[in-house]
Amino acid sequence: MRMKSVALLVAILSVARGELPIVVIDAGHGGSGAELDHSSPNNAEFKSPRSGETYSEKDLTLELSKEIARLVNESGQAKAVLTRTSDVNVGMQARAKTADLPGAIAFVSIHFNSTPSAHGPVAVVQGEKYQGVPANTAAQLKRDKAFGDSLSKAVEAVTLKYDPASKAKPAQIFDRKPEGSHLFRYLRALERGKALDACFLEIEFIDNPKVAAWLLEGESSAAIRKEIAASVAKALVEHAVAPADAKSKE
Ligand SMILES: [Zn+2]
């Protein structure tokens, strides 16, 4: 049986048993100190020249992930499980193990990107090989891309209203951040991990002052971030109820 059929079957059987499909939401980074099992406490940040305030990726990922999870659970159609709920770092293997649950069908790791002149949401997925070693099947890669693109488009549906440059890019293959390959490697090693739809979702480039102006520092920024969370939650629920490529084919 093909992977996508397995994931769809898991979703259907879970619903038939009265159990909701589970989506795991991973708030990237967290805590302080040394890297923990390939997870760094923080990556992207924006120091505001105007207010002097520092906005850290680890805080933004937690805020957004909690709000997405709240809304997924509120939908009554899917269940969200978070890898962390406070400002602590979690090792990559522990993050992946959160998805070792009956009914788990998808895993999204929420991040914010950094490159001062760049714009736009993007999903990042595991390629068929990582550093020459088989890492993902062709069929699962296709599913991961469809999953990731559905989420980056959900972010774009909000961000484009506030910034014409904030356009989603097609899902990219993970080829440079070693911590990412570790997360996916741990995920795929789980009993049901090979059939999990998985991606990183990079919301926006927060060290770009043009992005920070509307996403972090503006009067409406907190409301915009909530709107992004609502759009991502809706896409996650839609995916959990009918996985992306099952809707377009068969
Ligand atoms: Zn990150």
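K.L.:
Can you help me understand helix α4 (residues 138-162) in this one?
P.N.:
Residues spaced three or four apart along an α-helix face the same direction, because each turn holds 3.6 residues. An ideal rise of 1.5 Å per residue puts 36 Å on 25 residues; α4 measures up with 36 Å between its terminal C-alpha atoms. Its maximal kink placed at E156, α4 deviates by approximately 30 degrees.

K.L.:
Looking at this structure, I do not really get the pattern of salt bridges. What am I missing?
P.N.:
Charged atoms that come close allow side chains of opposite charge to pair. Scanning the entire structure with this criterion turns up 13 salt bridges. Between E217 and R50 there is a salt bridge, with its nearest N and O atoms 4.0 Å apart. Of this pair, E217 sits in the loop between α6 (209-215) and α7 (221-241) while R50 sits in the loop between β2 (45-47) and β3 (54-56); the two residues are 167 residues apart in sequence, bridging distant segments of the chain. Take R50: its relative accessible area is 65%, and that puts it in the exposed class. A salt bridge links R143 to D197; the shortest N-O distance between them is 2.4 Å. With R143 in helix α4 and D197 in strand β10 (residues 197-205), this residue pair connects regions lying 54 residues apart in the sequence. Note on accessibility: R143 and D197 belong to one class, buried.

K.L.:
Teacher, can you tell me more about the sheet that holds strand β1 (residues 22-27) here?
P.N.:
Pairing between the strands of a sheet comes from backbone hydrogen bonds, and it takes one of two forms, parallel or antiparallel. An order of β4-β1-β5-β10-β6-β9 is seen for the 6 strands of this open sheet, with the pairing classed as mixed. The sheet is open, and its two borders are formed by β4 (79-82) and β9 (169-173), each paired with just one other strand. Taking the axes of each pair of neighbouring strands and ignoring which way they run, one obtains an average angle of 25 degrees across the sheet. The pairing of strand β6 (residues 122-125) with β9 spans 3 bridges and is parallel. Pairing of V124 across the sheet is with Q172, part of β9. Relative to the sheet, α4 contacts β5 (104-113), β6, β9 and β10, its axis offset from that of β10 by approximately 30 degrees. Where α7 meets the sheet, it contacts β1, β5 and β10, and its direction lies at approximately 155 degrees from that of β5.

K.L.:
Help me understand the packing of α4 against α7 in this model?
P.N.:
When two helices pack together, you describe them by how their axes are tilted relative to each other and by the distance separating the axes. At their nearest, the axes of α4 and α7 sit 9 Å apart, and the two run at 150 degrees to each other. Of the possible angle classes, the one that applies to α4 and α7 is roughly antiparallel. α7 is crossed by α4, and the crossing has right-handed handedness. For the pair α4 and α7, contact is made by R143, F147, S150, L151, A154, V155, A157, V158, T159, K161 and Y162 and by I224, E227, I228, S231, V232, A235, L236 and H239, respectively. Its residues placed into classes, the contact of α4 with α7 shows 12 nonpolar, 4 polar and 3 charged.

K.L.:
Which parts of the structure should I look at to understand the packing of helix α2 (residues 57-75) against α7?
P.N.:
For the pair α2 and α7, the least separation of the axes is 8 Å and the interaxial angle reads 50 degrees. What the angle tells us is that α2 and α7 run oblique. Taken as a pair, α2 and α7 cross one another with a handedness that is right-handed. Between α2, through L60, E63, L64, E67, I68, L71, V72 and S75, and α7, the contact on the second element is made entirely by R225, K226, I228, A229, A230, V232, A233, L236 and V237. When grouped by side-chain class, the residues that make up the contact of α2 with α7 number 12 nonpolar, 1 polar and 4 charged.

Calculation notes
Residues numbered from 1 in each chain as written. Predicted model: local features only at pLDDT ≥ 70, side-chain atom pairs only at ≥ 80, totals over all residues. Heavy atoms only, no water. Helix = DSSP H or I, 4+ residues; strand = E, 2+ residues; numbered from the N terminus. Expected span 1.5 Å × (residues − 1). Bend = angle between axes of the 7 residues up to and from the residue. Salt bridge = Lys/Arg side-chain N within 4 Å of Asp/Glu carboxyl O. Buried < 20%, exposed > 50% of the residue type's maximum accessible area, 1.4 Å probe, protein only. Pairing = 2+ DSSP bridges. Axes fitted to C-alpha atoms, helices over the stretch in contact; angles between N-to-C directions. Contact = heavy atoms within 4.5 Å. Parallel < 35°, antiparallel > 145°, perpendicular 65-115°, else oblique. Left-handed = near helix turned anticlockwise from the far one by under 90°. Nonpolar A, V, L, I, M, F, W, Y, C, P; charged D, E, K, R; others polar.

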